[in-house]
Amino acid sequence: QVQLVESGGGLVQAGGSLRLPCTTSGSTFGIDVMGWYRHAPGNQRAVVATISTSGRRNYADSVKGRFTISRGDAGNMVYLQMNSLKPEDTAVYYCNAVQYGHVFWGQGSQVTVSS
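To keep things clear, this report deals only with the structure shown in the data block. Quick caveat: nothing in here was measured; it's all calculated off a predicted structure.

Rules used in this analysis
Residues numbered from 1 in each chain as written. Predicted model: local features only at pLDDT ≥ 70, side-chain atom pairs only at ≥ 80, totals over all residues. Heavy atoms only, no water. Disulfide = S-S within 2.5 Å. Helix = DSSP H or I, 4+ residues; strand = E, 2+ residues; numbered from the N terminus. Buried < 20%, exposed > 50% of the residue type's maximum accessible area, 1.4 Å probe, protein only. Pairing = 2+ DSSP bridges.

## Focus on the state of the cysteines
Phase 1: Evaluation of the coordinates by the stated rule reveals one disulfide.
Phase 2: There is a disulfide in this structure between C22 and C95, and the S-S distance comes to 1.9 Å. Taken as a pair, C22 in strand β3 (residues 18-26) and C95 in strand β9 (residues 91-99) lie far apart in primary sequence, 73 residues in all. For the residue pair C22 and C95, the accessibility class agrees, reading buried in each case.

Right under this line is the structure:
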């Protein structure tokens, strides 16, 4: 089992920045793709960005050029750097990890962007 814990959320003004770290623990050997998703009120949970063990990154169109996903040196931490934040980025942000086909989720971190 893999446990994931997000942190770094909070309240920020539009145009500001936040960095979300996600820490993993437990049996982390074999983690492949890691990613960030978000769930805004009235919407379904949606992918924000993903990164593979080889470093290949994919981003949702709405965050390209503003958000950057990265992994720690050991490969078992994932970060989301969010710049030029907009009110529509307000959501609960979840990190996830895929390990041998199983998907694990963190508990989420609230990000609120005020206008």
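## Focus on the pairing of strand β10 (residues 102-105)
Phase 1: Both β9 and β10 contribute to a ladder of four bridges, which runs antiparallel. By the bridge assignment for β10, A97 is matched with F104.
Phase 2: Count of turn residues in the β9/β10 antiparallel hairpin: two residues, of which Y100 carries a positive phi of about 50 degrees.

Geometric values such as these leave the question of function open.
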